[in-house]
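A structural walkthrough
The primary structure of each chain is shown beneath.
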Amino acid sequence: MADGAMNQGRPVYVVDGARTPQLKAKGAPGPFSAADLAVGAGRPLLLRQPFEPAAFDQVILGCVMPGPDEANIARLVALRLGCDQRTPAWTVQRNCASGMQALDNAFHDIAAGRSDLVLAGGVESMSRAPVLLSDAMVMWLARWGAARNLGARAKALTQLRPAHLAPVIGLLRGLTDPLVGLNMGQTAENLAYRFKISREEMDAFALESHRRLAAAQDDGRLGEIELLYDGAGKVYGEDDGLRRDGDMTKLAKLKPVFDKKFGMVTAGNSAQITDGAALLILASEAAVKKYRLPVLGRIVDSQWAGVDPAQMGLGPANAIAPLLQRGKLGVNDVDYWEINEAFAAQVLAVLAALKDETYSRVELGWDHAVGEIPRERLNIDGGGVSLGHPVGASGARIVLHLLHVLQQRGGRRGIASLCIGGGQGGAMLLESEG
C-alpha cells in the first residue's frame, strides 16, 4: 500500500534553510540537547530573513526521541526562536523520516491555502537517547513507594536484585522492530542476502561516501551548515564523523555487528549515530511576493509507502516508483538524487530493486524495470555513512542539501528519499527555480 497524491493546489516554495553540523555520538551525552540544536540552526536562519518570526503561520518539527524537558519540542523551539505565542507549533514522528514528514505537512497546508509561511524540519540528539529502567525495577519501585512502615520497606529491600539495576538502552530498543524482532542492521543483512550484495561492495560504497564528503568540505559545498557554540565557547563547524584516512583494508578488518557469525554489515558501512538539526522555510507564492523572498526551489510532490518491516530498507524504491509514475517521469528525467544512507547495503538494495524487472513488476506494478539511478548523480556529497543519520533530522537534511545541489550544479529536478524503521519509505520530488 502507498499514499500520496500529485499536488493540485498552490505552488509551495522553499526559500531558505539551515542545518547544524552533524556531531558523532561518542559514548556519552553530546554537548547539545535537541532543542539547542534546533535553535542553533534556526536562529541564524531567521536573523537573515526580511520578516519577523511572528510572521510564521506554524512551526512543525520532526523528532523521535525528545528529552524529558522537550515535550512537543516544536513549541519549545518556536518560542525560543521568537515566534509569537499565538503561533501554533507541533511535533511529528515517522521514525527516520520525521523531518521529511514535517516538510510534507507544511507542503500540504500551504498548497491547500491553510498557511502561507511555515518553519519546518527535524532534529535529534541521539547521544542523549534515554537510558531506562527495566520493568522489574519499575515494579520494585512501585512496591517501595507503597511501603508505609519500616517493616514493609525492609521486606521490599530483600526483594531487590542486582539484575533489577541493569539499564535498558533506549536507543537500541528504538532501533529494533518489535513485530519482527529484528534491529535495523539485521534488516540490512536480509537485503544483502536477497540482492546478493557482497561485503566488498558495501565497504566500497562506504569508502566513497567518505571521499565525497571530504571533497564537499574541501570545496565549500556545504553552505547550509551554521556554526554551533557550546557553553565553553568551543566551535563546531563541520560534520565530524568524516574518516579521511579510511581505506578498503581498514574497512575489511571491522567485524560484523548485527550477525556476528555470518553477517557483513559493520560499523564502517552503516550510518553513524549522530546529533543534528535541519530547518527549512516554506512559503506560498503570496508570501514570496509580500516579503520579496529569494527562492531556493519548489516542492512538487511527495509519496509514502509501506513494505515488509523485515526488509524495511526497500522503502525508498516503493516510494520513488509511484512518484515517478505520477509525474510521468523516468529515472533519467531526474538530475540528482539523495537516498539516505542508513546502511550501504540498504542503498545498494534500493538501486538493485529499481533496475530489477521482477521487483518492478511484482512489487511496484510496473511492466518494466523502473530504471538504474546513476551513481554519479546519487549522494554526490556523501551521506549517512560518512556524516551520520540523526533520525529526526535526516529527512529534512537531504531535502535541503538536494536543493543546494540542484542550484550549484544547474540541475532542474531532484528526488530525496529514505527508508523508515517499521517498514516504510518516503520520497519527495523537488524542482530548482534557478
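Now for a quick tour of the structure. Within any chain, residue numbers begin from 1 and follow the written order of that chain's sequence. Selection of residues for local features in this predicted model requires a pLDDT of at least 70, selection of side-chain atom pairs for listing and counting requires 80 or more, and totals for whole chains, interfaces and linings are taken over all residues. As a rule here, side-chain values come from all non-hydrogen atoms in the structure, and water together with hydrogens is ignored.

Attention shifts here to empty space enclosed by the protein. The definitions used throughout rest on a 1 Å grid laid over the protein atoms alone, on which a cavity is an enclosed set of points accommodating a 1.4 Å probe that cannot get out and a pocket is an open set flanked by protein within 12 Å on both sides along at least five of seven lines; lining residues are those having an atom within 4 Å of a point. Grid points are joined across faces, edges and corners, and a volume is the space filled by probe spheres set on the points. A full pass over the atoms with the stated rule returns 1 cavity of 30 Å³ or more. Considered as a void within the structure, the largest cavity measures approximately 70 Å³ in volume. Forming the boundary of the largest cavity are Phe 205, Glu 208, Ser 209, Arg 212, Glu 341, Arg 375, Leu 378, Asn 379 and Gly 382. Amino acids outside the nonpolar list (Ala, Val, Leu, Ile, Met, Phe, Trp, Tyr, Cys, Pro) and the charged list (Asp, Glu, Lys, Arg) are all regarded as polar, and Gly is one of them. Across the lining of the largest cavity, the residue classes break down as 2 nonpolar, 3 polar and 4 charged.

A few words now on the packing of helix α3 (residues 98-111) against helix α15 (residues 394-409). In the contact formed by α3 and α15, the axes pass within 4 Å of each other and the chain directions differ by 65 degrees. Here α3 is positioned roughly perpendicular relative to α15, judged by the angle of their axes. In this structure, α3 uses Gly 99, Met 100 and Leu 103 to contact α15, whose residues at the interface are Gly 395, Ala 396, Ile 398 and Val 399. For the contact of α3 with α15, a count of residues per class yields 5 nonpolar, 2 polar and no charged. Only the stretch in contact is used when a helix axis is fitted, and all axes are lines through C-alpha atoms; the angle between N-to-C directions ranges over 0 to 180 degrees. Secondary structure counts use DSSP, requiring at least four H or I residues in a row for a helix and at least two E residues in a row for a strand, with both numbered from the N terminus. Note on angle classes: values under 35 degrees are labelled roughly parallel, values over 145 roughly antiparallel, values of 65 to 115 roughly perpendicular, and the remainder oblique. In this description, contact between two residues means that some pair of their heavy atoms is separated by no more than 4.5 Å.

Looking now at unusual backbone geometry. The phi dihedral of Asn 72 falls on the positive side, at around 45 degrees, and the residue is not glycine. Following the sequence through the fold, Asn 72 ends up in the loop between β4 (58-62) and α2 (73-80). Positive phi is not limited to glycine here, since Arg 292 has a value of about 55 degrees. Within the secondary structure, Arg 292 is located in the loop between α10 (285-291) and β14 (297-306).

What follows is about the state of the cysteines. Disulfides are defined in this document as cysteine sulfur pairs within 2.5 Å. Applying the stated criterion across every chain, the model contains 0 disulfides. Considering cysteine sulfurs only, Cys 96 is the nearest to Cys 63, which forms no disulfide, with 13 Å between them. Not engaged in a disulfide, the cysteine Cys 83 finds its nearest cysteine sulfur in Cys 63; these two sulfurs lie 17 Å apart. For every residue, the accessible area (1.4 Å probe, protein chains only) is compared with the maximum for its type, and the residue is labelled buried under 20%, exposed over 50%, or partly exposed between those bounds. Exposure remark for Cys 83: the relative accessible area of 6% places this residue in the buried category.

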